[in-house]
Amino acid sequence: MKKLSVVLAMVLTVTAMAGCGGKSTESTNTDTSADTETSEGGDENEAASGEMRDVVVMVKNSTAPFWISTMDGAKQAGEDFGVNVIFKTPVDTAEGSGNEQQSQLCEEAIVSGADAVVIAPVDSEAIVPATKKINDAGIPVINLNTRISDAEQYVTFVGLENVNQGYDTAKVVLEKMEGEGTIFIIEGSTGAQTSIDRVTGFEKALAEYPNIEVVAQQSANYSRADAMNVVQNLLQSYPDVDAIICCNDEMAMGTAEAVDAAGKTGEILISGQDANDDAVGAVKEGKLFATSFGNPYMQGYTAVQAAVDVLDGKEVEDFYEVKTKVVTLENVDTFKDE
Amino acid sequence: MSEVKEGVILKMTGITKRFPGTLALDKIQLTCERGKVHILLGENGAGKSTLVKIISGVYRRDEGTIWYDGQEVNFRDVRETMDAGISMIHQELNLLPDRTIAQNIYLGHEPMKPGQPGVVDYKKMVQDSKNLMGSLGLDMNPNTLVKKLSIAQMQMVEVVKALSKEVKLVIMDEPTSSLTNREITKLFQIVEKLKRDGVAIIYISHRMDEIKRIGDQVTVMRDGQYIDTVSAKDVELPDLISMMVGRKIEKMYERNHCQPGEVIFETHDLTGYRFRNVNIKVRAGEIVSLSGLIGAGRTEVAKAVFGREPIEKGSFTLFGQEHKKITPTKAIKCSLGYLSEDRKTEGLVLQMPIKSNLVLASLKKTFKGGILNARVEDRIGKKYVEELRIATPSASKLAGELSGGNQQKVVIGEWLETGCKFLIIDEPTRGIDVGAKSEIYKLLDKLVNEGYGILMISSELNEVIGISDRVYVMKDGEVTGELDRDELEQEKIMEFAVGGKGGTE
Amino acid sequence: MSLKTKNRIDLISRFLILLVVILVLALLQPNAFLNASNLSQVIFQQAPFTILMAFGMSLAIISNGIDISMASNMVLSSYFSAPYFQNGQYLLGILVSLGVGVGFGLCNGILISKVKIEPFIATFSIDFVALGLAYVACDGVYIYGFPDTFRSLTNGSLIPGIPNIALFTILVFALLFFVTKCTIYGRALYTVGHNRTAAGFSGIRTDNIILSVYVINGLLASLTGILYLSRLNAADPTIKGTLTIDSIAAALIGGIAFGGGKGSVLNTVIGALVIMFIRNGMNIMGVSTNWQQAVVGFVILFSIFYERGLSILMAKFAEKKK
């Protein structure tokens, strides 16, 4: 009885997690494994053999709006180009365990006979052994969103340049400050590549404005609640800060609430990244000064498109850059259509 | 075995041991001779266990000298004393339940295959175990898993384990506390054999009758002090008792038998886990004993009546009300109190104050409206500390700080406070000092004279004979006999308990 | 030394730890840390969430269990009820939130008391179930923006100077303190924590007591969830954050020991404040978040050694008195 309940609970959990992806389809087709040997060579006949090709898309998690949008794009591309898009995502979003699960999913992809693998690694270094296995199995790897540290591992990279995205957003904020004042930087989880890149971009922009001083730089773990506490605490030391630049929108929204609680809405410029729906709404309301649209839908779409090109033996570029767009009050209603 | 079969093997003088805040041993002396049984006698807390732990290397002394086997020694740990031929049989069982008897006996010194160090010679181990047990007159299969054994059999495995190495000195810490008479006889045969082999034995016991039966010398300790060493043959038991408790105990078992009242408890073909068709009854004003060997199903009957184990068939009547199913909460409402044999885990909450334990079974009755009242609790605490003469400076002390006898009084008080009229008491004096025992007996006597009915489960025959009005004897889950007060004799009880003439072979 | 004196000494000494933390931070940051606005912000705005969750954790630990699932239960109940609060259907929102929270609490309680699964394993599994369902329900869409009436639940003040959230926490504290310390239910809870078997033999319905603890935790999780919605102005599964760990840490630092029966909800408040002040102080000093984790870890370790040292000291003192 005891054991049964535990098992039941586990099953429930797994079902819940699987359901979480919502759009994932499990491949049961194992026959394709024979084809994968030749697929890299881009045998045209293969496509004509009637067998739908499987493109495995592995994103960082299936819970953040950003990735859900990415998956939507990938799915659309799958329909447009006639390939099976199979999603495999880790349940765990933490650095270490997330990577472990992704590595396992890579092995699963090989076993299930994927024709191409699109991957956005949780940990850009630690994923290398797993991608090596995929390459060894003769399956092409398309790198999405976050660069794998070893460029040998992927055929092409699809994504935005996080450094540029950070730079563009920061630049808009710093310009608005007219080149003077103090700011906080709110980082994401320590060690996360996106956070590191975006901060690098912030710093690049800051170098152009010598009269702007970073008075505090702290991590809020990409979490709304953490950001609210951290910013409330920081405001105690620096109540007159002019701007707060955050590494994602969840934290920017937490920051906005902290600023609101301090009665300083409108006085402090807040910026986020990713253009989540609630953040875009906040830009409209004037609670947030800026966020940045990373066009996740386009990222997902382009990645699958690139995968199909590779399978078809077409020439592919090293880098498909998906352009980002800074969203402010000026373009908040139109940025998606531009 | 050693060549020398006579003479002193162990001599300890001026042994002192301090623990933070207490002087556990104060200049104790002890001399053991080869081929002799030296009995250590003393109440709980007298320091016997500390002393033997120093001998076996568990503790190190603070002061004093130890001479062993002709030289002054300074053992640092158990391994060293084991190598020197000192072996200890612990009171609590230290066996691995999921290993076989043979694996347990040779645990830590398994015979290795010749030329293959690190590879256990299992065949040899089993054969050696068989031989060893055979030489000690035990008939058990060495391949049996220990968890399948009865407590008494496990205790015997402990004995065999202690003797599986070459020994010169064996320490036995209350080895008979969980043995039945049959096994006690066997153990004493082993002791005789060891004596003939010239092995010295230090024997800790609470049981007075054992002293005369196997003892050569007796050393009495009290409160960490050395009192005296006397010859077991010449000393009178009452003298030993007064040496132990520091005062004279007039009479161990004192009863004022009264005219029993109406039947307050009766079972009707009660059947459950490990017992069948039990029909017993208890009247108000009676102490009725449930006797028998360990494992005869006595405790199971009690637990079923209290609702801690299921009743499969039959029923029982309590104060005129018939029950087929019951829970502890309901049993308490029906004026039943149950004192478990395992006071420390099933009776008391050791980490709570005495007064809180006293009100534990009657929370709803004592605190109307569900709100605690410190004053009421203090009053109840004070009342029982005085009435039952619980030896403590205050009822706010933790129950765990009390001695066994006083803990038992707290549990009795807890049940009296519920207003119950019928008590089931399982092993009322287990682990309780001689001095405190007679107090418990007096208390039980007083209760039945006030109209309580008491069903007592006891493995101590002296106790059963000493204070019962009536005795039921159980064997293998069935009641095999009923004896009245004037028929009570050890022989007769054993006859019913083992189902043959004479329980001791 | 009586138990009461011992507990009192223990509590006072825990309070001293809190004072030391505050003192050190005040010395290091006399301006930014030691001012009314910062202190009230930590005590009245940030700490209540950790305190409320730690109350539940403490009750579970006192009953010799543990409740890993509270934070996820909070996330889930807040997520399901968020749309109703957003539309101003407060009663419905509260009912949904309580239904989810108490429902999962009941699951925990039944698994632990009736099916006899270890509390850690049972709540660990329920933790996954609740968080997983929350992500399913969320599907990447954050519910954002609540009516001002709802938001005044946390940022308003019925009593001037004390935000409602703090007032609520104080009320919960008073209620829990009274129930655990002054009623026979509380006595039964502590008894079960110390020795479940003996409690059963004394006629206490141990299963029901244990079941009730997890139901209360579900209730606390659901109420905390509502307050979180109001504070963050959003329903977002990431708010689970470090709440589980923080509430265990708060209980331990406050002096509620694993093994059951020890400590009270007052200890919990002290423990939670220690953690929140450390986090606040280190933010102010600009120390990285990772260091905060390490420091909280050190403080937990310290409090365990402290606990041992304290009991040895008290034993020695009691001997001398004799």
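These notes cover the structure that comes with them. Since we're looking at a predicted model, the values are computed, not measured.

1. Thoughts on the sheet that holds strand β22 (residues 470–475) of chain B
All names here are of chain B.
Right, on to step 1. Sheet architecture is open: 6 strands sit in the order β19-β20-β21-β16-β22-β23, paired in mixed fashion. Across the chains shown, the open sheet's two edge strands, defined by having one partner strand only, are β19 (336–339) and β23 (478–484). Strand-to-strand, the axes of this sheet are offset by a mean angle of 20°, without reference to chain direction.
Right, on to step 2. Relative to strand β21 (residues 453–457), strand β20 (residues 422–426) runs parallel, the two being bridged by 5 bridges. Paired with Ile 425 across the two strands is Met 456, which belongs to β21.
Right, on to step 3. Its contacts with the sheet place helix α9 (residues 298–306) against β16 (287–292), β19, β20, β21 and β22, and it is angled at close to 140° to β19.

2. Observations regarding the packing of aromatic side chains
Right, on to step 1. Overall, the coordinates contain 26 aromatic pairs over all chains when judged by the stated rule.
Right, on to step 2. Here A:Phe81 and A:Tyr301 contribute two aromatic rings whose centre-to-centre distance is 5.9 Å and whose plane-to-plane angle is 55°, an arrangement assigned as tilted. With a gap of 220 residues between them, A:Phe81 in helix α4 (residues 65–81) and A:Tyr301 in helix α12 (residues 296–311) connect regions that are remote in the sequence.
Right, on to step 3. The buried category is assigned to A:Tyr301, whose relative accessible area is 16%.
Right, on to step 4. Put simply, the rings of B:Phe306, B:Tyr338, B:Trp415 and C:Phe201 touch in pairs and so form one group of aromatic residues.
Right, on to step 5. It is A:Arg147 that lies over the ring of A:Phe319; its NZ or CZ is 4.8 Å from the centre.
Right, on to step 6. Here A:Lys204 stacks its cationic end above the ring of A:Tyr167, 5.0 Å away from the centre of that ring.

3. A look at the side chain of C:Ser58
Right, on to step 1. With respect to the helices and strands, the residue C:Ser58 is situated in helix α2 (residues 36–62).
Right, on to step 2. Setting aside anything within four residues of it in sequence, one finds C:Ser58 in contact with C:Ala251, C:Ile256 and C:Thr268.

4. Concerning the pattern of salt bridges
Right, on to step 1. One pass over the full model with this rule turns up 49 salt bridges over all chains.
Right, on to step 2. Linking C:Arg187 and B:Glu377 is a salt bridge whose minimum nitrogen-to-oxygen distance equals 3.0 Å. With C:Arg187 in helix α8 (residues 184–194) and B:Glu377 in helix α14 (residues 374–387), this residue pair bridges two chains. With respect to burial, C:Arg187 and B:Glu377 carry one shared label: buried.
Right, on to step 3. Shared partners join several salt bridges into a network, and the residues in it are A:Glu257, A:Asp260, A:Lys287 and C:Arg151.

Rules used throughout
Residues numbered from 1 in each chain as written. Chains lettered and ligands numbered in written order. Predicted model: local features only at pLDDT ≥ 70, side-chain atom pairs only at ≥ 80, totals over all residues. Heavy atoms only, no water. Pairing = 2+ DSSP bridges. Helix = DSSP H or I, 4+ residues; strand = E, 2+ residues; numbered from the N terminus. Axes fitted to C-alpha atoms, helices over the stretch in contact; angles between N-to-C directions. Contact = heavy atoms within 4.5 Å. Phe/Tyr/Trp six-rings, centres within 6.5 Å; stacked < 30°, edge-to-face > 60°. Buried < 20%, exposed > 50% of the residue type's maximum accessible area, 1.4 Å probe, protein only. Lys NZ or Arg CZ within 6 Å of the ring centre and 35° of its normal. Salt bridge = Lys/Arg side-chain N within 4 Å of Asp/Glu carboxyl O.

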